[in-house]
Amino acid sequence: MNIAELKKIAFSEIEKAKNPEDLEKARKTYLGRKGELTAVLRSLAERPAEEKIRVGKEANRLKSELEALFESKKTAFEKELLAAAAKKERIDITAPGKKVSRGSSHPLSRLRKEAEDIFGSLGFEIIEGPEVETEYYNFDALNIPAEHPAREMWDTFWLGKKFLMRTHTSPVQIRYMEKHNPPFRIIAPGRVFRHEATDASHEIQFNQLEGLMVGKDVSLADLKGILEQFLRRLMGEKIQIRFKPSYFPFVEPGVEVDMLWNGRWLEMLGAGMVHPNVLRAGGLNPNEWQGFAFGVGIDRLAMLKYKIDDIRLFYSGDLRFLRQF
Ligand code: YSA
């Protein structure tokens, strides 16, 4: 093949290349180590002197032309690739921003925080206790004897024979008294569990906030004052509250506090003066120390405060409900 023919074929092949791979293939065919033009240049040595000069010049010119053509074609492909990528990745700074969705505190967390703040301002320290409890702390130490109905399967989620999911936050009272000397005032918020049927105001897991204040002369009047102060600050001055006598094995006397809800009284908390046996179980001498304790239902307070008529909504995970807070 002479140089003119080679040029024709090489040019047309380069022009035909549709992508960088085709182009590279063509480059190898003509300019590669074993390429056709390379072969011509190598064969020059065997040619007669005059031909060597003529063909050599032509071949070298063709080599430069082909190289220039490859370069320009390669640059064109690169530009195309860049343009395509830029089109795909283009940032339109005038486009409206994507809305970042923000979460919010669960109503129960909000209420718990508010309650903690109020008790904090009244000098109460915040304590936590375990959700998996022993029979001793949940019942025995709280003066709840073995035959008490609260120990039945119906109320308690037992974990084997000695362990259980705590049914109330009261065991924290004992755990705290065992390790601290009075006077003290604490609150212990947290989850509790009851094996019972659910309805609009009962759940199988809910939140309580335990309170305990022990000193030399802490009285029922202090309990009433603190609870009224707490409830009015949390729920507003206008709420209607009533105290009534009640029974809990771990207090003497015992009271319950109800609040008016949808025209009926809803029980909010249990409370009373800590029973001498409970003080003893906590390692305190009842002739020296006395105090009050209470356990308030956080979920019930949240229901009243945020006007929610079914406790089960708190645990439904329904975003339509949660987004309202
Ligand atoms: C009483 C005296 C003390 O010195 C200290 C604490 C207590 C309270 C006691 N430990 C207790 O658990 N009493 S309680 O069974 O009546 O529950 C307390 C509050 O939890 C109730 O007043 C109610 O507000 C809430 N509660 C009870 N069962 C519930 C519930 N809330 C939602 N679902 C349930 N199933």
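Residues numbered from 1 in each chain as written. Predicted model: local features only at pLDDT ≥ 70, side-chain atom pairs only at ≥ 80, totals over all residues. Heavy atoms only, no water.

Asks: Can you lay out the nonpolar core for me, pointing to particular residues and giving the numbers?
Replies: Nonpolar side chains in soluble globular proteins tend to be buried together. Formed by 44 residues in total, the largest nonpolar core has its most connected members in Phe119, Leu231, Met259, Phe292, Phe294 and Leu301. Counting residues per element, this core draws most heavily on helix 8 (residues 220–235), which supplies 7 residues. Counting residues in each nonpolar core, the second largest holds 25 residues, with Ile127, Phe139, Ala188 and Val278 among its members. (Core = buried A, V, L, I, M, F, W, Y, C linked by side-chain atoms within 4.5 Å. Buried < 20%, exposed > 50% of the residue type's maximum accessible area, 1.4 Å probe, protein only. Helix = DSSP H or I, 4+ residues; strand = E, 2+ residues; numbered from the N terminus.)

Asks: Which residues make up the UniProt feature "binding site: Mg(2+)" (unreviewed entry) in the chain, and what values do they have?
Replies: Mapped onto this numbering, the UniProt entry gives "binding site: Mg(2+)" (unreviewed entry) at Glu252. Along the polypeptide, Glu252 turns up in strand 8 (residues 251–261). Relative accessible area serves as the criterion here: at 52%, Glu252 is assigned to the exposed category. What Glu252 contacts, discounting residues up to four positions off in sequence, is Met273 and His275. (UniProt positions renumbered as here; feature names shortened; annotations may be inferred. Contact = heavy atoms within 4.5 Å.)

Asks: A description of the sheet that holds strand 10 (residues 290–297) should follow, citing residues and the corresponding values.
Replies: One open sheet accounts for 7 strands, arranged 1-5-6-10-9-8-7; its pairing is mixed. Here the strands that pair on one side only, and so sit at the sheet edges, are strand 1 (125–126) and strand 7 (241–246). In terms of strand pairing, strand 5 (residues 184–193) meets strand 6 (residues 205–215) through 10 bridges, oriented antiparallel. The residue of strand 6 that forms the bridge with Arg185 is Met213. Against the sheet, helix 7 (residues 171–179) contacts strand 1, strand 5, strand 6, strand 9 (264–274) and strand 10, and its axis sits at roughly 140° relative to strand 5. (Pairing = 2+ DSSP bridges. Axes fitted to C-alpha atoms, helices over the stretch in contact; angles between N-to-C directions.)

Asks: Give a detailed account of unusual backbone geometry, specifying residues and quantitative values.
Replies: With an omega of 0°, the peptide bond between Pro182 and Pro183 qualifies as cis. Following Glu252, the chain continues into Pro253 via a peptide bond in cis, with omega recorded as -5°. Tracing the chain through its elements places Pro253 in strand 8. Positive phi values are uncommon outside glycine, yet Asn143 reaches one of about 65°. Note on placement: Asn143 falls in the loop between helix 6 (135–138) and strand 3 (158–159). At Lys307, a position not held by glycine, the phi torsion is positive, near 55°. Positionally, Lys307 belongs in the loop between helix 10 (298–305) and helix 11 (319–322).

Asks: Describe the environment of Ile186, with residues and values.
Replies: Here Ile186 shows up in strand 5. Overall, Ile186 belongs to the buried group, its relative accessible area being 3%. Separated by 26 residues in the primary sequence, Ile186 and Leu212 place their C-alpha atoms 5.3 Å from one another. Not counting chain neighbours up to four residues away, the residues in contact with Ile186 comprise Phe124, Glu125, Ile127, Tyr176, Glu210, Gly211 and Leu212.

Asks: Just give me the short version of the sheet that holds strand 3, but keep the residues and values in it.
Replies: Judged by pairing direction, the sheet is antiparallel, and its 3 strands sit side by side in the order 2-4-3 without closing on themselves. The sheet is open, and its two borders are formed by strand 2 (132–134) and strand 3, each paired with just one other strand. In this structure, strand 3 lies alongside strand 4 (residues 163–165), joined through 2 bridges in antiparallel fashion. For Trp158, the partnering residue across the bridge sits in strand 4 and is Leu164.

Asks: Explain the packing of aromatic side chains to me, and be specific about the residues and the numbers.
Replies: One pass over the full model with this rule turns up 11 aromatic pairs. Taken together, a centroid distance of 5.2 Å and an interplanar angle of 75° make the contact between Tyr136 and Tyr137 edge-to-face. Geometrically, the ring pair formed by Phe314 and Phe321 is edge-to-face, given 6.0 Å between the ring centres and 65° between the ring planes. Assigned by exposure class, Phe314 and Phe321 land together as buried. Within the aromatic cluster, the residues linked to one another by ring pairs are Phe119, Phe124, Phe230, Phe292 and Phe294. Sitting over the ring of Trp289, Lys216 keeps its end group 4.0 Å from the ring centre. The lysine or arginine in question, Lys224, covers the ring of Phe243, its NZ or CZ lying 5.2 Å from the ring centre. (Phe/Tyr/Trp six-rings, centres within 6.5 Å; stacked < 30°, edge-to-face > 60°. Lys NZ or Arg CZ within 6 Å of the ring centre and 35° of its normal.)

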